[in-house]
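Reading the structure
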Amino acid sequence: MANRGVAFRLFRCKEILLRSGLRLNSSSLASGGLTRSFCAQTRSERLTVRLQQDGIRNIILNDPKRRNTLSLSMLNSLRTDILHEIDSDDLRVIIISAEGPVFSSGHDLKELTLAQGPEHHSRVFEVCSEIMTLIQDIPVPVIAKVALEMLFTGNPISAQDALLHGLVSKVVPAEKLDEETLAIARKVCAASRPVVALGKQTFYRQMAQDRSAAYATASRVMVDNLALRDGQEGIKAFIEKRRPEWTHSRDRAHE
């Protein structure tokens, strides 16, 4: 592979058919008191692994022998791990990564033959669409931890090309991927949960609007943000030159 750069991005696309050149060291993620749990599968499958500590949830696609194909079972596992206690104030950001040399090779083509029938095919794409919608609609940010090659019209592209075309937000050396991903996740954790949720919701709402409507939406949201207790705390902390003390509650500020 010509380019050893790796990339990560906030999920904002309609597909997750991404191919990775990085091997995730899940054992290092499991250290330090992380809670390790598996979604509802038989013990022999364990298609996804969920780890969480300090507000950061790591969801690992765990089927490297099949290149982490998006089978219906894999999709159901991923959805379960995303939704697990999604409204808990202890959850601040989600990172999705994968075991093995490939992030995901895409849909399991064996499930898309005539033998399975149209009902099964429909269910596969329904769950996939549901996950894409969840990634946008849940209150916490989602970071995809991927690497070098991306499945794009059948041709792999480099991390630098992905950055150039706006498919990723940052490119770093492979040995820095863990560090950079966790740095972003920790910055999210340092912010107010309801304020971050409001910002994420507004971002996706504005994507479907024209410029005038987007400005109007942003104005309303800024007013809503100022009405939150944490919104006011942020302003007071800035004026008083101190670190904010977030409540992470959705309560409105009192006069």
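Residues numbered from 1 in each chain as written. Predicted model: local features only at pLDDT ≥ 70, side-chain atom pairs only at ≥ 80, totals over all residues. Heavy atoms only, no water.

**Focus on helix α6 (residues 193-207)**
Given a rise of 1.5 Å per residue, 15 residues ought to cover 21 Å, and the 22 Å separating the end C-alpha atoms of α6 matches this to within 8%. Turning to α6, its buried residues are R193, P194, A197, L198, K200, T202 and Y204. Packing partners of the buried residues in α6 comprise α3 (117-137), β6 (142-146), α7 (211-227) and α8 (229-239). (Helix = DSSP H or I, 4+ residues; strand = E, 2+ residues; numbered from the N terminus. Expected span 1.5 Å × (residues − 1). Buried < 20%, exposed > 50% of the residue type's maximum accessible area, 1.4 Å probe, protein only. Contact = heavy atoms within 4.5 Å.)

**Some remarks on unusual backbone geometry**
At K241, a residue that is not glycine, the phi angle is positive and equals roughly 55 degrees. With respect to the helices, strands and loops of the structure, K241 is situated in the segment after α8. One non-glycine residue with positive phi stands out, namely H248, at about 60 degrees. With respect to the element layout, H248 can be found in the segment after α8.

**What about the pairing of β6?**
Of all the 5 residues making up β6, 5 are buried; the element is thus mostly covered by neighbouring parts of the structure. In β6, alternate side chains face the same way, and those of V142, A144 and V146 on one face and I143 and K145 on the other are all buried. Alignment of strand β5 (residues 93-98) against β6, held across 3 bridges, turns out to be parallel. Bridged to I95 within β6 is I143. This β-α-β element, β5 to α3 to β6, shows right-handed connectivity. (Pairing = 2+ DSSP bridges. Right-handed = clockwise from strand over helix to strand, strands pointing away.)

**Looking at helix α2 (residues 72-83)**
In this model α2 runs 16 Å from its N-terminal to its C-terminal C-alpha over 12 residues, within 8% of the 16 Å that 1.5 Å per residue would give. Those residues of α2 that are buried are in contact with β3 (48-53), β4 (56-61), β5 and α3. Among the residues trailing α2, E85 stands out with phi positive, at a value near 45 degrees.

**Focus on the packing of α6 against α7**
Contact geometry for α6 and α7: axes closest at 10 Å, N-to-C directions at 170 degrees. As the angle between them shows, α6 and α7 are arranged roughly antiparallel. In this structure, α6 uses V195, L198, T202, R205 and Q206 to contact α7, whose residues at the interface are A214, T217, A218, V221, D224 and N225. Partitioned by chemical class, the residues of the contact of α6 with α7 number 5 nonpolar, 4 polar and 2 charged. (Axes fitted to C-alpha atoms, helices over the stretch in contact; angles between N-to-C directions. Parallel < 35°, antiparallel > 145°, perpendicular 65-115°, else oblique. Nonpolar A, V, L, I, M, F, W, Y, C, P; charged D, E, K, R; others polar.)

**Re the pairing of β3**
Put simply, side chains in a regular strand alternate between the two faces of the sheet. In this structure, β3 lies alongside β4, joined through 6 bridges in antiparallel fashion. If you follow R50 over to β4, its bridge partner there is I59. Counting the residues between successive antiparallel strands, the hairpin from β3 to β4 contains 2 residues, one of them, D54, with a positive phi of roughly 55 degrees.

**Some remarks on the packing of aromatic side chains**
Under the counting rule described, the total for this entry stands at 1 aromatic pair. Seen in terms of ring centroids, F203 and Y204 are 5.0 Å apart; in terms of plane orientation they differ by 80 degrees. Their pairing is edge-to-face. For F203, a relative accessible area of 38% corresponds to the partly exposed category. (Phe/Tyr/Trp six-rings, centres within 6.5 Å; stacked < 30°, edge-to-face > 60°.)

**Comments concerning the nonpolar core**
A general trend in soluble globular proteins is that nonpolar side chains are found buried together. The biggest cluster of nonpolar side chains holds 27 residues, and the ones touching the most others in it are L75, L78, I82, I94, I96, I131 and I138. Every element with two or more residues in this core is listed here: β4, α2, β5, α3 and β6. Here this core gets 7 residues from one element, more than from any other, and that element is α3. The residues touching L75, leaving out its near neighbours within four places in the chain, are L70, V124, V127, C128 and I131. Judged by nonpolar contacts, the second largest core, of 7 residues, contains I56, V93, I95 and A185. (Core = buried A, V, L, I, M, F, W, Y, C linked by side-chain atoms within 4.5 Å.)

**Examining the environment of D224**
Tracing the backbone through its elements, the reader meets D224 in helix α7. Using a relative accessible area of 40% as the deciding quantity, one classes D224 as partly exposed. For the pair D224 and V195, spaced 29 residues apart in sequence, the C-alpha to C-alpha distance is 9.6 Å.

**Side note on the confidence of the model for the protein chain**
Here the protein chain averages 77 in pLDDT, and 78% of its residues register 70 or above. Contacts of residues 1-44 to residues separated by more than four positions or lying in other chains number 147 contacts, the stretch itself having pLDDT below 50. Scored below 50 in pLDDT, residues 148-154 makes 26 contacts in the model with residues more than four places away or belonging to other chains. (pLDDT = per-residue confidence, 0-100.)

**Some details on a negative patch on the surface**
Together, E85, D87, D89 and D90 give the surface a local cluster of negative charge. Position of D87 relative to the elements: it lies in the loop between α2 and β5. For D87, a relative accessible area of 56% puts it in the exposed group. (Patch = residues over 30% accessible without salt bridge, like charges linked within 9 Å, V, L, I, M, F, W, Y side chains within 5 Å. Areas by Shrake-Rupley, 256 points an atom, 1.4 Å probe, with all protein chains shown as cover. Salt bridge = Lys/Arg side-chain N within 4 Å of Asp/Glu carboxyl O. Lys, Arg positive; Asp, Glu negative; His and termini not counted. Charge placed at Lys NZ, Arg CZ, Asp CG, Glu CD.)

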